[in-house]
Amino acid sequence: MSLFGASSDERNPIAAAFGFPGAYWWEDDYQTRSAAKKGPHRYASFDASREDPLSAASEADLLAASAGGARVAGDLGIASGRANEGYVRGEVARANATEKRGSWFAGVASPFGRKARDGGAAASSDAARSSAASSRAAAPAVPAVPPLGPADFKPRRHLGRGRFGEVLLTTHVASGGTFAMKVLHKKLLYNSKLRERARNERMINGQLGAHPFVVKMRYAFVTPKCLCLVLELAPCGELFQLITNHDSGSFTGKTFGRKFPEQAARFYVAESLLALEFLHGNDVLYRDLKPENVLINADGHVTISDFGLSKPGVHDPLKGARSMCGTPEYLAPEILRGTHEHGLAADWWTTGCLLYELLGGQPPWYTSPSKDRDRKKLFERITTAPLKMPRGVKPRLSKDGEHLLRGLLHKDNAVRLGTDLGAAALKTHKFFAMVDFDALLAKQVEPPFSPRTLVSGDDVGADEAVAWDDIQPEASATVHKMDIPDHRFNEIFAKFEYRSKA
């Protein structure tokens, strides 16, 4: 059962995903961004979506309808008190206006089916008023909890920077716990699509259950200038660092550099596979599997992180998303063609790219870096050039490894390995015959190397003098004019705060 329901169209409005009043995603058409813009790593993720906005008349009607609504009581958009009637009218109006756009957004199941849109709105409104009256009489007093804010966290030093924000080592003042805090700068979230990405990341992190290979969010909060996600710390860095650094680990007593032995690559891909299986089981399309997003914990096992490009509500292997986004070298052919429609099978393509890079030291169809990387040439190779097996694998790549790569990197997503049976098709492949996935899930399989701690909360001497006022976009960042006023932005992210129960 999906946590998010189903969404059949990437262009659907994200209506009330956390219960925000008036949180619609049709504010403006998404402006295509330059794919050649560089990020913090060699392969930076990008998003070149082109969405069709609703008509101006529809938007005006919706905004007028939502004006009678009020703030909702919970993260799932449940209205309470006197606001119920106005909220119901707003919900029905939004359902009517979005009927031609496809199904309701997956973040919240709409309480209004076709009957409500065909004339049952009055009955729903009466029921809502009755429910509101009962709740006013019976609701117990709930002690107020102060909202989270900058005073609750002490930023200590930078761990990395991205296109829209940065990651800092931080300490939670009350508990003394050390975490990684992902900061998204509000002024860089200048259009509706970027804000949608931020909300999707918060929603996915907050609603997914615990999994040993998926990063866990502990807190989320908003400051006047930033959106902050506080995540569990992976102290041994990225898998990317293992590929590029010759002295970062050892395998059977020997150092390894840009190319992993097949048995080591098998371990990391198998754990990433279990993480994707979990995400797909919750109807989440990940879309950004790459060595930079596979983190290494202190025990040597992996943690999948960064859901900024993930798409909730996708359950079909071939459809459900249409944005052209991801890491260029890892983009699936179907994302580059025609309508860009793709589904869960795109994640099996990136799994093949990850395995290929671990074995060969660089992604398949890689183009040599230049001042302006030749993206057109890269995309032509991905869609048309035949697959060449990675060279220099020692010992030589097995037949099972070659067969798995060809299955995962098949340009026709309809016949790609994993399209029909999902993760089960990969887990039963001969390449993974020696892997006990149950033991792997329980972390009973020893990792292929002893990780070296790169980030430690105990290393106070490495801390920087970081104040909240110092957390600003880089000087080189391009700051566009915000397409909505500040109060509208604050309204959209009014329910962004999160506290983990465990």
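Just so it is clear, the model here is predicted, and its values are computed rather than measured.

K.L.:
Explain the overall build of the chain residue by residue, including any values.
P.N.:
Helix and strand counts for the chain come out as 13 helices and 14 strands. Out of the 502 residues in the chain, the part that is buried amounts to 54%. Sequence-distant contacts in the chain: of pairs separated by 6 or more residues, those separated by 24 or more amount to 72%. Approximately 22,200 Å² of the chain is accessible, and the part contributed by carbon and sulfur atoms is 53%.

K.L.:
Describe the sheet that holds strand β4 (residues 178-185), and please don't skip the residues or the numbers.
P.N.:
Strand order in the open sheet formed by six strands is β2-β3-β4-β6-β5-β14, with antiparallel pairing between adjacent strands. Each end of this open sheet is capped by a strand with a single partner; those strands are β2 (153-161) and β14 (498-499).

K.L.:
How would you sum up the packing of aromatic side chains? Please name residues and give values.
P.N.:
Throughout the structure, instances matching the rule amount to 13 aromatic pairs. Judged by centre distance (6.0 Å) and plane angle (50°), the rings of Tyr-268 and Phe-449 are tilted. With Tyr-268 in helix α6 (residues 262-281) and Phe-449 in the loop between α12 (437-441) and α13 (486-492), this residue pair connects regions lying 181 residues apart in the sequence. A residue is classified by how much of its surface remains accessible, and Tyr-268, at 0% relative accessible area, is buried. Classification of Phe-449 by relative accessible area gives buried; the value is 5%. With a centroid separation of 5.0 Å and an interplanar angle of 85°, the aromatic rings of Phe-431 and Phe-432 are classed as edge-to-face. By the burial criterion, Phe-431 is buried, and Phe-432 matches it. An aromatic cluster is present here, built from Phe-153, Phe-179, Tyr-219, Phe-221 and Trp-468 joined pairwise through their rings. Positioned over the ring face of Phe-431 is Arg-266, at 4.5 Å from the centre of the ring. It is Lys-427 that lies over the ring of Phe-437; its NZ or CZ is 5.4 Å from the centre.

K.L.:
Outline helix α4 (residues 192-207), supporting the account with residue identities and numerical values.
P.N.:
Between its first and last C-alpha atoms α4 spans 22 Å; for 16 residues at 1.5 Å apiece the expected length is 22 Å, and the two agree. Across the 16 residues of α4, 15 count as buried, placing the element largely inside the fold.

K.L.:
I'd like a description of the nonpolar core, backed by residues and values.
P.N.:
Here is a general trend for soluble globular proteins: nonpolar side chains tend to be buried in one another's company. Formed by 83 residues in total, the largest nonpolar core has its most connected members in Leu-239, Phe-260, Tyr-268 and Leu-358. Counting residues per element, this core draws most heavily on α6, which supplies twelve residues. Looking at which domains feed residues into this core, each of domain 1 (150-235 + 459-499) and domain 2 (237-453) gives three or more. Not counting the four nearest positions on each side in its chain, Phe-260 is found in contact with Leu-239, Leu-242, Ile-243, Ala-265, Tyr-268, Leu-358 and Leu-359.

K.L.:
How would you sum up the packing of helix α8 (residues 345-360) against helix α10 (residues 399-408)? Please name residues and give values.
P.N.:
Taken N-terminus to C-terminus, the directions of α8 and α10 make an angle of 140°; their axes are 8 Å apart at the nearest point. If you check the angle between α8 and α10, you find them oblique. Viewed along their axes, α8 and α10 form a crossing whose handedness is left-handed. Contacts between α8 and α10 involve Trp-348, Trp-349, Thr-351, Gly-352, Leu-355, Tyr-356 and Leu-359 from the former and Leu-404, Leu-405 and Leu-408 from the latter. Residue composition of the contact of α8 with α10, grouped by class: eight nonpolar, two polar and no charged.

K.L.:
Can you explain the environment of Leu-354? Please cite residues and give values.
P.N.:
By secondary structure assignment, the location of Leu-354 is in helix α8. A relative accessible area of 0% means that Leu-354 is categorised as buried. Here the alpha-carbon distance between Leu-354 and Ala-265, two residues 89 residues apart in the chain, equals 9.0 Å.

K.L.:
Could you give me a rundown of the confidence of the model for the chain, with the residues and numbers involved?
P.N.:
Per-residue confidence for the chain gives a mean pLDDT of 76, with 67% of residues at or over 70. Low pLDDT, under 50, characterises residues 49-121; the predicted model gives this stretch 136 contacts beyond four residues in sequence or across chains. Under a pLDDT of 50 for its full length, residues 246-256 has, in the predicted model, 25 contacts with residues more than four places off or in other chains.

K.L.:
So what about the side chain of His-211? Which residues, and what values?
P.N.:
If you trace the backbone, His-211 turns up in the loop between α4 and β5 (217-222). Overall, the relative accessible area of 14% leaves His-211 in the buried class. Of note is the side chain of His-211, whose polar atom sits 3.0 Å from the backbone nitrogen of Phe-213. What His-211 contacts, discounting residues up to four positions off in sequence, is Leu-274, Ala-275, Phe-278 and Leu-441.

K.L.:
Run through the pattern of salt bridges, naming residues and quoting values.
P.N.:
What the rule picks out here adds up to 15 salt bridges. In this structure, the salt-bridge partner of Glu-166 is Arg-161, at a minimum N-O distance of 3.2 Å. Residue Glu-166 is classed as buried on the basis of its relative accessible area of 2%. Close ionic contact of Glu-491 with Arg-488 constitutes a salt bridge, the shortest N to O distance being 2.9 Å. In this pair, Glu-491 and Arg-488 are both assigned in helix α13, three residues apart and thus about one turn of the helix distant. Assessed through its relative accessible area of 12%, Arg-488 is described here as buried. One network of salt bridges, with partners in common, ties together Arg-161, Glu-166 and Glu-474.

About the thresholds
- Along each chain, numbering runs from 1 in the same order as the chain's sequence is written.
- Residues qualify for local features only when their pLDDT is at least 70, as the model is predicted, and side-chain atom pairs are given and counted only at 80 or more; totals for whole chains, interfaces and linings, by contrast, use all residues.
- Side-chain numbers here rest on the full set of heavy atoms in the structure, without hydrogens or water.
- Elements are defined by DSSP. Helices are runs of H or I of four residues or more, strands are runs of E of two residues or more, and each kind is numbered from the N terminus.
- Residue burial is assigned from relative accessible area. The probe radius is 1.4 Å, only protein chains are included, and a residue is buried under 20% of its type maximum, exposed over 50%, and partly exposed in between.
- Residue contacts are defined here by distance: any two heavy atoms, one from each residue, within 4.5 Å place the two residues in contact.
- Surface exposure here means Shrake-Rupley accessible area, sampled with a 1.4 Å probe, where a residue is shielded only by the protein chains that are shown.
- Here, any two strands with at least 2 DSSP bridges between them count as paired.
- Only rings of Phe, Tyr and Trp enter the pairing, Trp through its six-membered ring, and a pair is recorded when the two centres are within 6.5 Å. The plane angle decides the type: under 30 degrees is stacked, over 60 is edge-to-face, the rest tilted.
- By definition, being over a ring means that NZ of Lys or CZ of Arg is both within 6 Å of the ring centre and within 35 degrees of the ring normal.
- Expected helix span is taken as 1.5 Å per residue step, with the number of steps being one fewer than the number of residues.
- Among buried residues, those of type Ala, Val, Leu, Ile, Met, Phe, Trp, Tyr and Cys that are joined through side-chain atoms within 4.5 Å constitute a nonpolar core.
- An automatic or database domain assignment supplies the start and end points of every domain.
- Under this scheme, a helix contributes an axis fitted over its contacting stretch, all axes are lines through C-alpha atoms, and angles between N-to-C directions fall in the 0 to 180 degree range.
- In this scheme, roughly parallel covers angles under 35 degrees and roughly antiparallel covers those over 145, while 65 to 115 is roughly perpendicular and the rest are oblique.
- Should the near helix be turned counterclockwise from the far one by less than a right angle, the crossing is left-handed, whereas a clockwise turn marks it as right-handed.
- For this classification, Asp, Glu, Lys and Arg are treated as charged, while Ala, Val, Leu, Ile, Met, Phe, Trp, Tyr, Cys and Pro are nonpolar and the rest, including Gly, are polar.
- pLDDT expresses, on a scale from 0 to 100, how confident the predictor is about each individual residue.
- Nitrogen and oxygen atoms within 3.5 Å of one another constitute a polar contact, given that in protein one can donate a hydrogen and the other can accept it, and given that sequence-neighbouring residues count only through two side-chain atoms.
- For salt bridges, the criterion is a side-chain nitrogen of Lys or Arg within 4 Å of an Asp or Glu carboxyl oxygen.

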